[in-house]
Amino acid sequence: MEIQITFDAGDPRSLAAFWAEALGYRLQPPPEGFGSWEEWAEVQGIPEEKRSDRSAIVDPDEGRPRFYFQRVPEGKTAKNRLHLDLNVGGPPGTPLEERRKLVEAEVGRLAALGAVEVRTVEENGEYWTVMTDPEGNEFCLQ
């Protein structure tokens, strides 16, 4: 069974672009036979004002789940009940000082893309940073 991870978004295309860069994914190409999603949407009869209501990203190696971004009218109002942990600090057993450097480097990279650092935690031999994406969805770098 395949799974898809879905994000509600105010601007699906922008949020998809952020997460594609963050995860090393790519924007999903249009179906075969179409040169663009715009062309596909026109053939499907999707009204022009609805054509930016969705976007998707895919793993170029096809081993990880697809991410789907759908426009919703309301903004984020509460803490996520589910979040992504991006394991950027090396494999288990990586020394804490090295993990710290790897996480901090990724914090800087994602902040440059529009993410916001919320807090960093170091406890019980673990080290992670909580961030939000450009629309306020929490995720962790560890």
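Cut-offs applied
Residues numbered from 1 in each chain as written. Predicted model: local features only at pLDDT ≥ 70, side-chain atom pairs only at ≥ 80, totals over all residues. Heavy atoms only, no water. Buried < 20%, exposed > 50% of the residue type's maximum accessible area, 1.4 Å probe, protein only. Helix = DSSP H or I, 4+ residues; strand = E, 2+ residues; numbered from the N terminus. Pairing = 2+ DSSP bridges. Expected span 1.5 Å × (residues − 1). Patch = residues over 30% accessible without salt bridge, like charges linked within 9 Å, V, L, I, M, F, W, Y side chains within 5 Å. Areas by Shrake-Rupley, 256 points an atom, 1.4 Å probe, with all protein chains shown as cover. Salt bridge = Lys/Arg side-chain N within 4 Å of Asp/Glu carboxyl O. Lys, Arg positive; Asp, Glu negative; His and termini not counted. Charge placed at Lys NZ, Arg CZ, Asp CG, Glu CD. Phe/Tyr/Trp six-rings, centres within 6.5 Å; stacked < 30°, edge-to-face > 60°. Axes fitted to C-alpha atoms, helices over the stretch in contact; angles between N-to-C directions. Parallel < 35°, antiparallel > 145°, perpendicular 65-115°, else oblique. Left-handed = near helix turned anticlockwise from the far one by under 90°. Contact = heavy atoms within 4.5 Å. Nonpolar A, V, L, I, M, F, W, Y, C, P; charged D, E, K, R; others polar.

Q: Please set out the pairing of strand β3 (residues 54-58) residue by residue, giving values where relevant.
A: Taking burial as the measure, the five residues of β3 include four buried ones, the bulk of the element. In terms of strand pairing, strand β2 (residues 26-27) meets β3 through two bridges, oriented antiparallel. Pairing of Leu-27 across the sheet is with Ile-57, part of β3. Both β3 and strand β4 (residues 66-71) contribute to a ladder of four bridges, which runs antiparallel. Within β4, the residue paired with Ile-57 across the bridge is Phe-67.

Q: Let's hear about helix α1 (residues 12-23): which residues, and what values?
A: Between the first and last C-alpha of α1 there are 16 Å, a value that for 12 residues agrees with the 16 Å anticipated at 1.5 Å per step. Buried within α1 are the following residues: Pro-12, Leu-15, Ala-16, Phe-18, Trp-19, Ala-20, Ala-22 and Leu-23. Following α1 by one or two positions, Gly-24 adopts a phi angle in the positive range, close to 75°.

Q: Would you mind going over a negative patch on the surface in detail, with residue names and values included?
A: On the surface, Glu-39, Glu-42, Glu-48 and Glu-49 cluster together into a patch of negative charge. Among the structural elements, Glu-39 can be located in helix α2 (residues 37-44).

Q: Describe the packing of aromatic side chains, listing the residues and the values that go with them.
A: Applying the stated criterion across every chain, the model contains eight aromatic pairs. Between Phe-7 and Trp-19, the ring centres sit 5.5 Å apart and the planes meet at 40°, which makes this aromatic pair tilted. Highlighted residues: Phe-7 in strand β1 (residues 4-9) and Trp-19 in helix α1, separated in sequence by 12 residues. In terms of burial, Phe-7 and Trp-19 fall into one category: buried. With a centroid separation of 5.2 Å and an interplanar angle of 85°, the aromatic rings of Phe-18 and Trp-19 are classed as edge-to-face. Each member of the pair Phe-18 and Trp-19 is classed as buried.

Q: Outline the packing of α1 against helix α3 (residues 96-112), listing residues and values.
A: Contact geometry for α1 and α3: axes closest at 10 Å, N-to-C directions at 155°. One finds that α1 runs roughly antiparallel with respect to α3. At the point where α1 passes α3, the crossing takes the right-handed sense. Counted together, Phe-18, Glu-21 and Ala-22 of α1 and Glu-106, Arg-109 and Leu-110 of α3 form the full contact between these two elements. Its residues assigned to classes, the contact of α1 with α3 comprises three nonpolar, no polar and three charged.

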